[in-house]
Structures are given as C-alpha cells and as structure tokens.
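Survey of secondary and tertiary structure
If you want the building blocks of each chain, they are given just below.
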Amino acid sequence: MSDAPSPTPTVTTAPASQSPQGARIIAVTSGKGGVGKTFVSANLAAALTRRGLRVLVLDADLGLANLDVVLNLHPKITLHDVFTGKSSLDDAVIAAPGGFSVVLAGSGMVEYSRLTPEVRNQFLNVIQTLTPRYDVILLDTGAGISDVVLFSVSLASEVLLVATPEPTSLTDAYAAIKVLAMQQKRQHIRMVVNQTARPGDGRTITGQLQQVLERFVATDSGRPLRLIHMGDIPADPAVRDAVMRRQLLLLQIPGCPAAMAIAQLAGKIEETLLSRTTA
Amino acid sequence: MPHTASSPLVDLRDLRLDTALSLLGHVDSAYPSPAGHTPSQYLQSVIDGLCDLSLKDPLTGLANRRHFQAVLEREIDRVTRSGEAALLLMLDIDRFKQVNDTYGHLAGDKVLQNVASTLSNCIRPMDTLARYGGEEFAVVLPACQAAFGKAVAERIRRTIAATPVRIDGSTMLDVTISIGGAYALQWIRSTTLLWTDRADHELYRAKSEGRNRVCIEEQPDSTVTAEEKGMLFGPLYTPSGWGDLSSMTLNDSAH
C-alpha cells in the first residue's frame, strides 16, 4: 500500500482472478550455500509462470543477494531503497526474463543482515503488500540458520529445502530441518534434491533423513516432522552452461533433463499447494 | 633505523609528560630519562603504561568497557570465521543501590571490588571479564558450547552467593547477582550492539523473574552429533549399498 505515486499502473486494485487468501508463500532454503537454491527459485518461478500463475521471487537473502546474478538483472531500485524510504515498493518490483516478478535486495542490504525489529517490520510490510497481487511468492532465503533466514522462513506457509547428495549438504540440511522442527514447530518440510546421479536418489536420501529425524528430533506434538519428497533435479551439464551464461535454464534449454525436472516440480507444487478447487 | 642516546629522535625534555607520569604514578620521575634506558625505550614504557590504564577499570582492575568492546568485536570476527560458539554473560549485582544507600559509597566500592575478584577466580584465562558500568559486569567466553553455558553461569552465580563481602570490621553483606547470557551463533554475522542487547534482555528477564538467577537465550540446537551423522550416512555412502552415489559425490563435489 504505497502512497507514493507510481509511474506504472499498480495491481493493488484486485484483479478478478485474485485468490481471496492471497499468494501462497513458499520459502526456498538450504542448509548450506552453493546447492543451487537461487537457481531452483528462479527456474521454478519460470516454470510456475508458464503454468499461468502470477509469481514473485523475493530475495530474502538480505545480506548476500544472488538472484540478480542468476537472472542477469541490474536493478536500479532494490529492497534497500524501499527500506530506506527512497523508493516505493512498486518501483522495486521488476520483471524477470521468465515472465515473473522479482524484488531484489541490493548490496546495501548488508547492514540489514541482522534482524532488528525495524527490519522485521519493513519485511512484514513488504510481504503483506505483495501477497494480494500474486498466486505464489517464493522467498529465496539465505543459506544456513541465521535469524534472518529463520524469520523469512517463518513467514512462509511452506518450506522447500534444497539439498544435494553431498554429505556436507545433507548434514547441513539435516541441521536446518532440526532447527525448523524445534524452533518453528513445522509439521512438514518439502525436499528437492538437486544434482542427483540417478532416479530414486532423492527419495532414498529423503527417506534416510526422515529416519534420522524420527530417531533424534523430538517435537512438542510427539509426532515427528514429516519430510515430503517433491522431486529430484538430475545433475545436468546444461545447468552449468545456463548459469555461466546467466540465463534461465527453462528459457535456454527447456528440453534438458534438469529443466524438465523443474517443470515437473512446478506441476507437483501447483497440484499439491495451489489448487483452488476446494474454494 | 639505528639511533643512539646521543642523537635521539625525540628529546624527552621537549615533551610535556608530567600528566602522563602522574597518571602512571611516576611522580618522582622528574627527569624522564632513567639510566639504562634509551629515550625511545622509556617512551615506550610510558605509552604501554597509558594503554594499560586506558583499558582498565580503576576501581576493580578489570577490563573496562572500551577494552571489552574491542574483545567483543574480535570475538564476533572469530565466531563468524570459525563457526564456533561464544557466550556473552551480563552480570548485575542485585539491589546494589540499597548497599550504597544503607552503608555508603565506600561500602559499595568494596562490594564491587570483592565481586570483581570473586568473578575473576570463576573464569578461564581465555575469558574476558569486564566492569561494564555501575554494578554491571560482563564476561565473554570464547568456545563455550551451548550445553555448558548454563552450568558456567550457574557456577558463577552460586560462587558469588556463597561469598559474603566484609564491608567493615563487623558487617558481612550477602551479595547475589543476576546473569543474562546470549550466544554469538555460528553462521550469523552479528554486531556487538545486538549481541549485548540480547544478553541484556536476558539479564532483564533474570531480574524480573526474581533476581539471583541465570537466564540464557535459548538457541536453536543446530549441532549434528557423530551418532546422527553415522545414521545419516551409514546406509547412503557405504561402498556396498550406494557405490554409485558415493563415487558420484567424489567426482562432482567441486562446487
């Protein structure tokens, strides 16, 4: 609800298709960095957009924004300008190559990498303003378990945890799951295993994580947190190629195995999280 | 650069050192070039003495707030880099104003000095203990694991409670402290201000819950034990069960 005049027509006046409850907020997170979290967020956003959904990706990695790098964007206005009151939020919402919208954090956000009450409020305001305008908001969170990550994850109704089969990634994913189970009382977390070698790897890994959780992580409810395997993204040389060219994989090489896996993941997400048939 | 006493870079007689020397207690050193020292050695000792003074609380001899601030900054850098835990404790003498009001400020100073000396016997050499201000003290404990923080703070609290302070020939005062603590977490790039804020908040909680107690900020337990790792990796990465997965991991772990 910005009161600053915006040069572009805003969508605050609800379109007819608007869902009454606003966007589904999904936090895309990971135990450690470098597992392809931002890559998944950006390409998943493109895949969901292709399915006719209105998608926004919010760079919630306040200190270390990478979405601009992945999408090859050079934004003039970022969340930093919104937080400091220099720009309206509408001006910070920019169009990404895949047809979805993004709000980037900007490098000046380093000073916000600690979660003061002001940052918390600013962040909440941004989310609340954007929610009615979209079907899905993906929060591209930071890696690890900082308080900013935990806070941005707490705003999401669903958590999509990206991990790779590497032991270090799995250990850190497990640590993150543990914290989310205990600190946020999450009932379930959705898993995407990136860079898998063969079909079934992700399901096996998710199953193994689940067993360790059930053995070692006590929850208040007594029921263990449930990991839901949403899909695998196979190791695919095309990914590296797209990342190096700073292009969306789904636009550049839509037929490659990784792109098809992401399209499938989008289908599953729409099916399980976004079907409004109950309305 | 070699220089001798016959050609000093600085002639000490040109410097106004009297204030510095009186601060250092060298009141008798009217002529500031004692035998056996070159002027630069002498000047170095004066500078060292002043630095030492500027880092210490005069009443208790503990680190002062300025020194503590520098230690905290360094500790945050270290934690960010190493991922180790570090605990900050803020300690406040309970109902200290009553001591001052009832027995006078000299008695109050005595209590501060005694508490300071008891506290310094409670900590490890690597820990830094400071007088933070008034009747508030602070300790930073590097490499203090989450499981031990509460025990350390409890031990400090009990020791203070068990050590009455003699404020004059006949009067012994029971002294208690409240302790608040917060960890600098791994993965977090924090600031000293926010870290002390969090510990202060816990101290406030300890006070409002009745004093003479310890409150330490609950931190999400993100440690993964060897047992958990064993169960996690055992079936996934053994050559028999997951040969393909483990060889793939070795080859593709470049990023």
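What counts and what doesn't
- Residues numbered from 1 in each chain as written.
- Chains lettered and ligands numbered in written order.
- Predicted model: local features only at pLDDT ≥ 70, side-chain atom pairs only at ≥ 80, totals over all residues.
- Helix = DSSP H or I, 4+ residues; strand = E, 2+ residues; numbered from the N terminus.
- Buried ≥ 20, exposed ≤ 12 C-beta atoms within 10 Å, placed from the backbone.
- Contact = placed C-beta atoms within 7 Å.
- pLDDT = per-residue confidence, 0-100.
- Expected span 1.5 Å × (residues − 1).
- Arc of directions from axis to C-beta.
- Pairing = 2+ DSSP bridges.
- Axes fitted to C-alpha atoms, helices over the stretch in contact; angles between N-to-C directions.
- Parallel < 35°, antiparallel > 145°, perpendicular 65-115°, else oblique.
- Nonpolar A, V, L, I, M, F, W, Y, C, P; charged D, E, K, R; others polar.
- Left-handed = near helix turned anticlockwise from the far one by under 90°.

1. So, the overall build of chain B
In terms of regular secondary structure, chain B is built from nine helices and seven strands. Counting all 255 residues of chain B, 29% fall into the buried class. If you take every contact in chain B between residues at least 6 apart in sequence, the share linking residues at least 24 apart comes to 65%.

2. Points about the overall build of chain A
A count of helical and extended segments in chain A gives eleven helices and eight strands. Counting all 279 residues of chain A, 51% fall into the buried class.

3. Some details on the confidence of the model for chain A
Looking at chain A as a whole, the pLDDT averages 84, with 86% of positions reaching at least 70. Note on residues 1–18 of chain A: pLDDT under 50 across the span, and 14 contacts to partners over four residues away in sequence or across chains.

4. So, the environment of Arg166(B)
With respect to the element layout, Arg166(B) can be found in strand β4 (residues 165–166). With 55 residues separating them in the primary sequence, Arg166(B) and Val111(B) have C-alpha atoms 8.2 Å apart.

5. Focus: helix α7 (residues 192–208) of chain B
Residues and elements named next belong to chain B. The terminal C-alpha atoms of α7, which comprises 17 residues, lie 24 Å apart, in line with the 24 Å expected from a rise of 1.5 Å per residue. For α7, the set of buried residues is Trp 195, Thr 196, Arg 198, Ala 199, Glu 202, Leu 203 and Ala 206. Viewed along the axis of α7, the buried residues span an arc of 155 degrees, placing them on a single side of the element. Exposed side chains of α7 directed beyond 90 degrees from the buried face belong to Leu 193 and Ser 208. Among the residues trailing α7, Gly 210 stands out with phi positive, at a value near 120 degrees.

6. Let's talk about the sheet that holds strand β5 (residues 136–143) of chain A
Residues and elements named next belong to chain A. Strand order in the open sheet formed by eight strands is β3-β4-β2-β5-β1-β6-β7-β8, and the pairing between neighbours is mixed. Of all the strands in the sheet, just β3 (93–95) and β8 (226–234) have a single pairing partner and so form its edges. Direction aside, the axes of adjacent strands within the sheet are offset by 25 degrees on average. Pairing of strand β6 (residues 158–163) with strand β7 (residues 188–196), which is carried by four bridges, proceeds in the parallel orientation. When the bridges of β7 are listed, Leu 160 appears paired with Arg 190. Each of β1 (24–30), β2 (55–60), β5, β6 and β7 touches helix α1 (residues 37–50); the most contacted strand, β5, lies at about 175 degrees to it. Its contacts with the sheet place helix α11 (residues 257–274) against β1, β5, β6, β7 and β8, and it is angled at close to 150 degrees to β8.

7. Some details on the pairing of β1(A)
Residue and element names in this part refer to chain A. For β1, a buried count of seven out of seven residues is recorded, marking the element as mostly surrounded by other parts of the structure. The alternating pattern of β1 places Arg 24, Ile 26, Val 28 and Ser 30 on one face and Ile 25, Ala 27 and Thr 29 on the opposite face, and all of these are buried. Sheet topology places β1 next to β5; six bridges connect them, and they run parallel. By the bridge assignment for β5, Ile 25 is matched with Ile 137.

8. Details of the sheet that holds strand β2 (residues 128–133) of chain B
Residue and element names in this part refer to chain B. Strand order across the open sheet formed by five strands is β2-β3-β1-β6-β7, with mixed pairing between neighbours. Unpaired on one side and paired on the other, β2 and β7 (214–216) mark the two borders of the sheet. On average, each strand axis in the sheet is inclined to that of its neighbour by 20 degrees, with strand direction left out of account. Of the pairings in the sheet, the one linking strand β1 (residues 86–93) to strand β3 (residues 136–142) comprises seven bridges and is antiparallel in character. Each residue of the ladder has a partner; that of Leu 88, found in β3, is Val 140. Contacts between helix α5 (residues 105–120) and the sheet are confined to β1, β2 and β3, with β2 contributing the most and set at about 155 degrees to the helix. Strand contacts of α7: β1, β6 (177–184) and β7, with the helix running at about 145 degrees to β6, the strand carrying the most contacts.

9. Overview of α11(A)
An α-helix turns once per 3.6 residues; consequently, residues spaced three or four apart project the same way. All names here are of chain A. Taking 1.5 Å per residue as the helical rise, α11 with its 18 residues ought to reach 26 Å, and the 24 Å between its terminal C-alpha atoms agrees with that figure. Buried within α11 we find Ala 258, Ala 259, Ala 261, Ile 262, Leu 265, Ala 266 and Ile 269. Down the axis of α11, the buried side of the element spans an arc of 155 degrees, and every buried residue falls inside it. Turning to α11, the residues buried within the fold contact α1, β7, β8, α9 (237–245) and α10 (249–252).

10. Overview of the packing of helix α4 (residues 96–103) of chain B against α5(B)
Residues and elements named next belong to chain B. Two numbers describe how α4 lies on α5: the axes approach to 6 Å, and their chain directions differ by 140 degrees. For the element pair α4 / α5, the angle class is oblique. On the side of α4, the interface is formed by Phe 96, Val 99, Asn 100 and Tyr 103, while α5 contributes His 105, Ala 107, Gly 108 and Val 111. Among the residues making up the contact of α4 with α5, the classes are represented as five nonpolar, three polar and no charged.

11. Observations regarding the packing of α1(A) against α11(A)
All names here are of chain A. Orientation of α1 relative to α11, taken along the N-to-C sense of each, is 65 degrees, at an axis distance of 9 Å. In the packing of α1 onto α11, the handedness of the crossing is right-handed. Counting all contacts with α1, which are made through Asn 43, Leu 44, Ala 47 and Leu 48, the residues of α11 involved are Ile 262, Ala 263, Leu 265, Ala 266, Ile 269 and Glu 270. Classifying every residue of the contact of α1 with α11 gives eight nonpolar, one polar and one charged.

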